[in-house]
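Structure assessment
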Amino acid sequence: GMSEDDKVVRVARASGSSQQFVLSVGDVITIGRAVDCDVVLELRGVSGRHAELGLVRGDEGSLELRLLDCSTNGTGITSQPGEEWQQMRSGEHRTLGSVAQILLPFNRKAKDAMGSEVLTVRAVGDSLPDAYNDHDKIGRWNYISKLGEGALGTVYRATDMSGRLQAQVAVKISKIQKSAKAGAKLRHAYILHREAQWSLQRLHNTKSKRYCPKKAARFARYLEDHTGHWAPELGFEAERTVFEAADFGWERFRPTVPSTGSPYVVMELVPGRTLHQCMGWSAEEGLNPPLDVEEKVAIAKQLVEALEYLASFRLIHRDFRTTNLLFVGRGREGRIQVIDLGHTIAADPEQVKNRSAVVRCNWRESKAKHFDWAPPEVKAEERETMVNFSFPAHSFDAYSLGVLFVQLHRGSLRDARALVQKAASATSSNGEGKGSLCGVMGLDEEFVLRMFGAADKRPGPSEVLEALARAPMPTPAPSPPHLVTADANAAHTARPQTSNGFARTDRSRSRSPPSRQHAGAYDLSADDAMSEAAPMPAENTPVEASSAEGQEVVQDGYEVWYADGPNDHVA
């Protein structure tokens, strides 16, 4: 593990090769021509010890990267590629931002064909667990870049320097304020542990009688769990009985083996974009060309197959929505993967009213905050009538599935919300909303209405699959206008932070090209004019869950669990 005063820094060359260093306060990375430098540059104009990159504590206690020039020919520095180089001379130092480029040497002779080297220095993150250090060749994870960040966690793209895992992975690290109580830190770590175990012990456990490779592939695989030691003498079922109990004393709990470093889990890295992004509902461009009817129907069937597999383990997802679904490929090659199990709950009778902060969510809505995918029975405001789900076990996710169908059909979150509200009135006594859901995925309107009706009338996954198999190919719904308004884009540009406190990841304000495949899936900072909001944090955490009406914030991808997941559960 790392101390809380460590920073992981990457130094990359124009050729694409890079080195990772772990710096503590007072540590220095040496750059120069001498063979004993940490970063060796074999250029004539570069001094033997040209520059030093060190970690210092700033005036307000923050960790700062500082570049010191020690050279004869000077060093150039800029914080933005393409901007004019600023010259540093021997003895000068500059504090670097999260990303900087340095030019070595700044002055060079015209006849020097080798010219200069441009290095990109990137502060990847603080206190990253088991980070590889090029200085002493110790550590496991080479952290390439941050993929997303929420209020209580961060996801990084990484490679395994030990060689145990060959492909790039997503490392999901628990993040909680240093001032948080020990019990709160342990509870958050356990929730992350529990999320990983749904995959390791259930969905992707090759020894399970219910395991099916094809169906398991509908879910992103969790590869390793480094959240701590919980109750190793107990199996997962017995362990959950202990830690999911509403009266479990987190402040009194002491693990038999104290944890070191930040709790984290390792997941497969899925090379896709969220369905939310594909539909053009985030701050970047949607797919071009847009999803056609055949692709939408294929996606619908895969969504049902995923829920059918989940239900075979008697599990309820509870967060089945566009931001937690990755789409990879196009046409017949297109496939869906579910990437978040943070809200998942076992369909046991004792869990229906369990008030444990590990399993309970706060679904209370407001004018500016909508949980479109959550069924009405879990939104009750009276303490006595609050439930985590209703039976039959599939009823929660069946409602969410219906919402997804309508969203895909209409191509608009606003339209879909209005239609689902109409459907709710149609299933009540007056029936005024009938006729509004004709043609959704080619299904009979009465069938679609059942998905939004009483919990005990909602169809299960197998019944939905059968209905889709019988249904004719639907006719496309009229294309709605794009929902991200000029005002929404202006707000996106103006605010360095979302109003719920989630830190933005660095990215260009211009829209990304449609072909972009990887990082967007993890980006938690996309704005959307009518997106789904996140459940409110619990435990009196003063973090607002959404911004002004019409400007709700959406958290995309792997890190949604941290942004709006079980950390926001109600004590």
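Anything mentioned here points back to the structure above.
To start, this report covers the structure provided alongside it. Values in this document were obtained by computation on a predicted structure and should not be read as measured data.

Moving on to the sheet that holds strand 9 (residues 93-96). Strand order in this open sheet of 5 strands is 4-3-5-6-9, and the pairing throughout is mixed. One side of each edge strand has no neighbouring strand; the edge strands of this open sheet are strand 4 (39-40) and strand 9. Pairing of strand 3 (residues 28-32) with strand 5 (residues 51-57) involves 4 bridges; the strand directions are antiparallel. Bridging across to strand 5, Thr30 finds its partner in Glu52.

The subject of this paragraph is the state of the cysteines. Applying the stated criterion across every chain yields a total of 0 disulfides. Residue Cys37 stays outside any disulfide, its sulfur separated by 9.4 Å from that of Cys70, the closest cysteine. Taking the relative accessible area as the measure of exposure, Cys37 reaches 8% and is therefore buried.

Right, let's get into the packing of aromatic side chains. Counting across every chain of the model gives 23 aromatic pairs. Judged by centre distance (6.4 Å) and plane angle (80 degrees), the rings of Trp230 and Trp250 are edge-to-face. Remark: Trp250 occurs in the loop between helix 3 (236-243) and strand 16 (264-268) and Trp230 occurs in the loop between strand 15 (222-226) and helix 3; sequence separation between them is 20 residues. Each of the two residues, Trp230 as well as Trp250, counts as buried. Every member of this aromatic cluster is reached through a ring pair, and the members are Tyr190, Trp230, Phe243, Phe248, Trp250 and Phe253.

When you tally the buried positions in strand 2 (residues 18-24), you get 5 out of 7 residues, the bulk of the element. In this structure, strand 1 (residues 6-13) lies alongside strand 2, joined through 7 bridges in antiparallel fashion. By the bridge assignment, Asp6 is partnered in strand 2 with Ser24. Where strand 1 folds back onto strand 2 in an antiparallel hairpin, the turn is made up of 4 residues, including Gly16, whose phi is positive at roughly 105 degrees.

Moving on, we come to the packing of helix 5 (residues 293-312) against helix 6 (residues 395-410). Look at helix 5 against helix 6: their axes get within 11 Å of each other, and the N-to-C directions meet at 170 degrees. As judged from the angle between their axes, helix 5 and helix 6 are roughly antiparallel. For the pair helix 5 and helix 6, the contacting residues are Lys296, Ile299, Ala300, Leu303, Val304, Leu307 and Leu310 in the first and Asp397, Leu401, Leu404, Phe405, Leu408 and His409 in the second. Tallied by class, residues from the contact of helix 5 with helix 6 come to 10 nonpolar, 1 polar and 2 charged.

Here we take up the environment of Asp136. Summarising the element assignment, Asp136 is placed in the loop between strand 11 (117-126) and strand 12 (141-150). Under the relative-accessibility criterion, Asp136 is labelled partly exposed at 39%. For the pair Asp136 and Val22, spaced 114 residues apart in the sequence, the C-alpha separation amounts to 9.6 Å. One polar contact links the side chain of Asp136 to the main-chain amide nitrogen of Ile138, over a distance of 3.1 Å.

Note on helix geometry: an α-helix contains 3.6 residues per turn, so any two residues three or four positions apart are oriented the same way. Here helix 1 (residues 182-203) is 22 residues long and its end C-alpha atoms lie 31 Å apart, about the 32 Å a rise of 1.5 Å per residue gives. At Ala196, helix 1 shows its largest bend, some 30 degrees. Counting buried positions along helix 1 yields 18 of 22 residues, so the element is predominantly enclosed.

Here Phe253 is to be found in the loop between helix 3 and strand 16. Owing to a relative accessible area of 13%, Phe253 belongs among the buried residues under this scheme. Between the C-alpha atom of Phe253 and that of Gly183, which follows or precedes it by 70 residues, the distance is 7.2 Å. Those residues in contact with Phe253, other than ones at most four positions away along the chain, are Leu186, Trp230, Phe243 and Phe248.

Here we come to the pattern of salt bridges. Tallying each qualifying case throughout the model produces 23 salt bridges. Of the charged contacts in the structure, one is a salt bridge between Glu195 and Lys172, with a shortest N-O distance of 2.8 Å. Within this pair, whereas Glu195 is found in helix 1, its partner Lys172 is found in strand 14 (residues 169-174), the two being separated by 23 residues in sequence. Salt-bridge contacts for Arg218 lead to Glu305; the nearest nitrogen and oxygen are separated by 3.0 Å. A residue pair is termed long-range when its members are at least 10 positions apart, and Arg218 in the loop between helix 2 (213-216) and strand 15 and Glu305 in helix 5 qualify at 87 residues. A residue is classified by how much of its surface remains accessible, and Glu305, at 25% relative accessible area, is partly exposed. Through salt bridges with shared partners, one network takes in Arg194, Arg202, Glu237, Arg240, Glu244 and Asp348.

Scoring rules and cut-offs
- Residues numbered from 1 in each chain as written.
- Predicted model: local features only at pLDDT ≥ 70, side-chain atom pairs only at ≥ 80, totals over all residues.
- Heavy atoms only, no water.
- Pairing = 2+ DSSP bridges.
- Helix = DSSP H or I, 4+ residues; strand = E, 2+ residues; numbered from the N terminus.
- Disulfide = S-S within 2.5 Å.
- Buried < 20%, exposed > 50% of the residue type's maximum accessible area, 1.4 Å probe, protein only.
- Phe/Tyr/Trp six-rings, centres within 6.5 Å; stacked < 30°, edge-to-face > 60°.
- Axes fitted to C-alpha atoms, helices over the stretch in contact; angles between N-to-C directions.
- Parallel < 35°, antiparallel > 145°, perpendicular 65-115°, else oblique.
- Contact = heavy atoms within 4.5 Å.
- Nonpolar A, V, L, I, M, F, W, Y, C, P; charged D, E, K, R; others polar.
- Polar contact = N/O pair within 3.5 Å; in protein donor to acceptor, adjacent residues only side chain to side chain.
- Expected span 1.5 Å × (residues − 1).
- Bend = angle between axes of the 7 residues up to and from the residue.
- Salt bridge = Lys/Arg side-chain N within 4 Å of Asp/Glu carboxyl O.

Spatial relationships are all this shows, so hold off on functional conclusions.
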